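Here is how the chains run, residue by residue.
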Amino acid sequence: MKYIKIYIRIITIIFITTFITSSLSYLNIINEKTQILSNNIIILVTLLIEGFILGKKKEEKGFLEGIKIGSIISITFLLLRLLIKKNIIIEKILFYFLIIISSTIGSIIGINKK
């Protein structure tokens, strides 16, 4: 149950910020490269923060919580990419690993800041 709440919170934040950056790009306020970069940074920072929150709640082995939530999000993105684009490029696989690493680092920091 706790993973469902965290998952919904992460997806909601990503959806809202992606909508905002897409709107800014559509209105020619920011260009496409800036939009893509800001979306990626927002995803990584969101998972870092959520990993931190998970780590603070865990008594020990907080890194496992970060790996779990990062893996869940990465698998979701991978499945969406396969459904929509039907191809996987190496840059996206590296980005999925960055997602897992970001949430893991957040949970490690969270458990150490207790």
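Scroll up to find the structure.
Residues numbered from 1 in each chain as written. Predicted model: local features only at pLDDT ≥ 70, side-chain atom pairs only at ≥ 80, totals over all residues. Heavy atoms only, no water.

To continue, consider the side chain of Thr46. Along the chain, Thr46 falls in helix H2 (residues 32–57). On the basis of relative accessible area, Thr46 is assigned to the buried category, the value being 9%. Excluding anything up to four places from it in sequence, Thr46 contacts Ile10 and Ile13. (Helix = DSSP H or I, 4+ residues; strand = E, 2+ residues; numbered from the N terminus. Buried < 20%, exposed > 50% of the residue type's maximum accessible area, 1.4 Å probe, protein only. Contact = heavy atoms within 4.5 Å.)

With that settled, the discussion passes to the pattern of salt bridges. Applying the stated criterion across every chain yields a total of 3 salt bridges. Lys58 is paired through a salt bridge with Glu65; the nearest N and O atoms lie 3.5 Å apart. Residue Glu65 is classed as buried on the basis of its relative accessible area of 2%. Residue Lys68 is joined to Glu65 by a salt bridge in which the shortest nitrogen-to-oxygen separation is 3.6 Å. Taken together, the residues Lys68 and Glu65, both in helix H3 (residues 62–84) and 3 residues apart, mark about one turn of the helix. (Salt bridge = Lys/Arg side-chain N within 4 Å of Asp/Glu carboxyl O.)

Of note, the phi angle at Asn28 is positive, near 60°, even though the residue is not glycine. Within the element layout of this structure, Asn28 appears in the loop between helix H1 (2–26) and H2.

The subject of this paragraph is the packing of H2 against helix H4 (residues 90–112). Direction vectors running N to C along H2 and H4 enclose 35°, while the axes themselves pass 6 Å from each other. When you trace H2 past H4, the crossing you get is right-handed. Residue-level contacts link Asn40, Ile43, Leu44, Leu47, Leu48, Gly51, Phe52, Gly55 and Lys56 of H2 to Phe95, Leu98, Ile99, Ser102, Ser103, Ile105, Gly106, Ser107, Ile109, Gly110 and Ile111 of H4. The residue inventory of the contact of H2 with H4, partitioned by class, reads 11 nonpolar, 8 polar and 1 charged. (Axes fitted to C-alpha atoms, helices over the stretch in contact; angles between N-to-C directions. Left-handed = near helix turned anticlockwise from the far one by under 90°. Nonpolar A, V, L, I, M, F, W, Y, C, P; charged D, E, K, R; others polar.)

Checked against the element boundaries, Leu44 lands in helix H2. The partly exposed category is assigned to Leu44, whose relative accessible area is 22%. Between the alpha carbons of Leu44 and Lys61 there is a distance of 21 Å; along the sequence they are 17 residues apart.

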